[in-house]
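Single-letter residue listing:
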Amino acid sequence: MGAPLKKLNFFVEEDIQREMEALVPAGQRAKVINEALRKELLRLKRDKVTDRLLALKPKSTALSRHEIVEALRKDRKRA
């Protein structure tokens, strides 16, 4: 069985509703909406992390490709 479901009540634009009703069978709409929200939330999380990394960039020192590869090898050996 899937994850527990929670009922939400929200509005969508009419054109989105019409398109969804035309393309998605009634029994599949919640699944489609959940997948779309999951993808959008992941994109938002990635954007947030990217912004944090870009903020750190001026404060960090540049590493050579060799230094990066060596650091990754050491890290993998510890795991």
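Because the structure is a prediction, the values reported are computed rather than measured. (Residues numbered from 1 in each chain as written. Predicted model: local features only at pLDDT ≥ 70, side-chain atom pairs only at ≥ 80, totals over all residues. Heavy atoms only, no water.)

Draft legend 1. View of a nonpolar patch on the surface. Where nonpolar side chains cluster on the molecular surface, the patch consists of Leu8, Phe10, Val12, Ile16, Ile33, Leu37, Leu41 and Leu44 and spans about 730 Å² of accessible area. For the nonpolar patch, the element with the highest residue contribution is helix H2 (residues 29–56), accounting for four residues. Residue classification places Leu41 among the partly exposed positions, given a relative accessible area of 49%. (Patch = residues over 30% accessible without salt bridge, like charges linked within 9 Å, V, L, I, M, F, W, Y side chains within 5 Å. Areas by Shrake-Rupley, 256 points an atom, 1.4 Å probe, with all protein chains shown as cover. Salt bridge = Lys/Arg side-chain N within 4 Å of Asp/Glu carboxyl O. Helix = DSSP H or I, 4+ residues; strand = E, 2+ residues; numbered from the N terminus. Buried < 20%, exposed > 50% of the residue type's maximum accessible area, 1.4 Å probe, protein only.)

Draft legend 2. Structural detail: the pattern of salt bridges. All chains considered together, the criterion is met by five salt bridges. In this structure, Glu70 engages Arg73 in a salt bridge whose closest nitrogen and oxygen atoms are separated by 3.1 Å. Of this pair, Glu70 and Arg73 both sit in helix H3 (residues 65–78), separated by three residues, roughly a single helical turn. With a relative accessible area of 47%, Arg73 lands in the partly exposed category. Residues Asp75 and Arg78 are paired through a salt bridge, measuring 4.0 Å at the closest nitrogen-oxygen approach. You can see Asp75 and its partner Arg78 sitting in helix H3, three residues apart, about one turn around the helix. Of the residues examined, Asp75 reaches a relative accessible area of 43% and is grouped as partly exposed. Residues joined by salt bridges that share partners form a network here, namely Glu40, Arg43 and Asp47.

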